[in-house]
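Structural description and commentary
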Amino acid sequence: MDIALHVNIDHVATLRQARGTNYPDPVEAALIAERAGAHGITAHLREDRRHVNDRDVRVLREVVRGTFNLEMAATEEMLAIALATVPDHVTLVPERREERTTEGGLDVLSHREHIRRIVGALNDRGIRVSLFIAPSRSQIDASKEVGAVQIELHTGDYAHARPHDRASHLKSLADGAAHARAFGLRVAAGHGLTLENVGQVTAIRECVELNIGHAIVSDAVISGFDGAVRAMLEAIRRGRASA
Ligand code: PXP
């Protein structure tokens, strides 16, 4: 396969944090994802630690066999963690406390010098840097200029568009991917991709990596529900029988 799937395990951690338990463990989900054939694991360590935490990042670094991609904001705190952890890839994303998820692409153009310094520090440690951006030529050009080797095109607008608007969003993604590739950048894509809308993105031949989380975690919850209820009934029956 010439397109890699990196599974984002953030929302397994969201479920854990909802109860403050030690399950479900995103590390266990990562191992299952790799056994199922995923080429890598993506985790977003947010400033507020609302889902993935520092321990998850350390353990993921140890156990992930494929590519470990750490998503993070371009802050000094996150830079220090990345330099200490040394993931294979870092994806720099914009982050606002009040957002539910990463809402827009990184504005590389306006924060060129800051991002150049962070990218440089990561590159010096041998970490490949990807920038999560909208498919705009100016952002793509700025990404190359600050030293990134990869961009991740934000597919959120495409994924959330009404059916009749999808084609134009897809065209922007395809044009952005072609421009970036011609410029020597590796191209990834992600955000909001589902079983239903992923197919058309795979038609963009320049795109060699997809980062997908919410849909996979959601499908796992629904498809695993029947078995989970049956397992609980069995445990109840066994308990009663031995009482
Ligand atoms: N790529 C990036 C940079 C992201 O921030 C996210 C969301 O955390 C994803 C991909 C995955 O998006 P989704 O969870 O909608 O599949």
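Described below are features of the structure shown in this document. These numbers come from a predicted model, not from an experiment.

The helix and strand inventory of the protein chain stands at ten helices and eight strands. Against the compact-globule benchmark of 18 Å for 243 residues, the protein chain has a radius of gyration of 19 Å, which places it among compact chains. Expressed along its principal axes, the backbone C-alpha trace of the protein chain runs to roughly 70 × 45 × 35 Å. The buried share among the 243 residues of the protein chain stands at 43%. Entry remark: accessible area of the protein chain is about 12,600 Å², with carbon and sulfur atoms responsible for 55%. Averaged over its 30 positive side-chain charges, the protein chain has a centre that lies 4 Å from the centre of its 33 negative ones.

What follows concerns the site of the ligand. With respect to spatial proximity, 14 residues lie near the ligand, and among them E71, E152, G192, G213 and H214 are the closest. A distance of 3.5 Å separates an oxygen atom of the ligand from a polar side-chain atom of N8. Between the ligand and the protein, one listed contact pairs an oxygen atom with a side-chain N or O atom of E71 at 3.0 Å. With the chains in place, 94% of the 400 Å² that the ligand exposes on its own is no longer accessible.

Along the chain, D226 turns up in helix α10 (residues 214-242). Residue classification places D226 among the partly exposed residues on the basis of a relative accessible area of 45%. Only 2.7 Å separates the side chain of D226 from the side chain of R230, close enough to count as a polar contact.

This next bit is on the nonpolar core. L60, L92, L122 and L131 are the most contacted members of the largest nonpolar core, which has 59 residues in total. Filtering out sequence-adjacent residues up to four positions away, L92 remains in contact with M72, A73, A74, L106, I115, I118, V119, V129, S130, L131 and F132.

All chains considered together, the criterion is met by 18 salt bridges. One salt bridge in this structure joins E145 and R116, with 3.1 Å as the shortest N-O distance. Of the two residues, E145 is situated in helix α6 (residues 137-145) and R116 in helix α5 (residues 112-124); the sequence distance between them amounts to 29 residues. We note a salt bridge from R186 to E209, for which the minimum N-O separation is 3.0 Å. With a gap of 23 residues between them, R186 in strand β7 (residues 186-190) and E209 in strand β8 (residues 207-212) connect regions that are remote in the sequence. Here R186 falls in the partly exposed class, since its relative accessible area comes to 26%. Beyond isolated ion pairs, a larger network of salt bridges with shared partners links R16, D25, R55 and D56.

The end-to-end C-alpha distance of α10, which contains 29 residues, comes to 40 Å, matching closely the 42 Å that a straight helix rising 1.5 Å per residue would cover. Most pronounced at F225, the bend in α10 amounts to some 45°.

Along the chain, H6 falls in strand β1 (residues 4-8). A residue is classified by how much of its surface remains accessible, and H6, at 2% relative accessible area, is buried. A polar contact of 3.3 Å, which involves the side chain of H6, links it to the side chain of E209. If near-sequence neighbours (up to four positions away) are discounted, H6 is found in contact with H39, G40, T42, T67, N69, E209, L210, N211 and I212.

For the peptide bond that leads from Y23 to P24, omega is -10°, which places it in the cis range. By the secondary structure assignment, P24 is in the loop between α1 (10-19) and α2 (26-35). Backbone geometry places R49, a non-glycine residue, at a positive phi of 50°. Tracing the backbone through its elements, the reader meets R49 in the loop between β2 (40-44) and α3 (54-63).

Moving on to a nonpolar patch on the surface. Taken together, the side chains of L15, V221, I222, F225, V229, M232, L233 and I236 present a nonpolar region at the surface, about 790 Å² in accessible area. Ranked by residue count, the leading element in the nonpolar patch is α10, at seven residues. By secondary structure assignment, the location of I222 is in helix α10.

Thresholds applied
Residue positions are counted from 1 within each chain, in the order its sequence is given. Note on the predicted model: pLDDT of at least 70 is required for a residue's local features to be given, and 80 or more for side-chain atom pairs to be given and counted; whole-chain, interface and lining totals, by contrast, use all residues. Derived side-chain values reflect all non-hydrogen atoms in the structure, with water molecules and hydrogen atoms excluded from consideration. Secondary structure elements are taken from DSSP: a helix is a run of H or I of four residues or more, a strand is a run of E of two residues or more, and numbering for both begins at the N terminus. We compute the radius of gyration from the C-alpha atoms alone; for a globule the expected value is 2.2 Å times N to the 0.38, where N is the number of residues. Relative accessible area decides the class of each residue, using a 1.4 Å probe on protein chains only: under 20% of the type maximum gives buried, over 50% gives exposed, and in between gives partly exposed. Here, Shrake-Rupley sampling with a 1.4 Å probe gives the accessible areas, and only protein chains in the shown set may cover a residue. Think of it this way: Lys and Arg go in the positive column, Asp and Glu in the negative one, and His and the chain ends go nowhere. Here the site of a charge means atom NZ of a Lys, CZ of an Arg, CG of an Asp or CD of a Glu. Distances are taken per atom, and a residue is near a molecule or strand as soon as one of its heavy atoms is within 4 Å of it. Nitrogen and oxygen atoms within 3.5 Å of one another constitute a polar contact, given that in protein one can donate a hydrogen and the other can accept it, and given that sequence-neighbouring residues count only through two side-chain atoms. Side-chain atoms within 4.5 Å link the members of a nonpolar core, which is a set of buried Ala, Val, Leu, Ile, Met, Phe, Trp, Tyr and Cys residues. Pairs of residues are marked as contacts when any of their non-hydrogen atoms sit within 4.5 Å. Just to be clear on terms, a salt bridge is a Lys or Arg side-chain nitrogen sitting within 4 Å of an Asp or Glu carboxyl oxygen. Under the convention used throughout, the expected extent of a helix is 1.5 Å for every residue step, that is, one less than its residue count. One axis fitted to the seven residues ending at a residue, another fitted to the seven starting there: the angle between these axes is the bend at that residue. To count toward a patch, a residue needs a relative accessible area over 30% and no salt bridge; like charges are then connected within 9 Å, while nonpolar side chains (Val, Leu, Ile, Met, Phe, Trp, Tyr) are connected within 5 Å.

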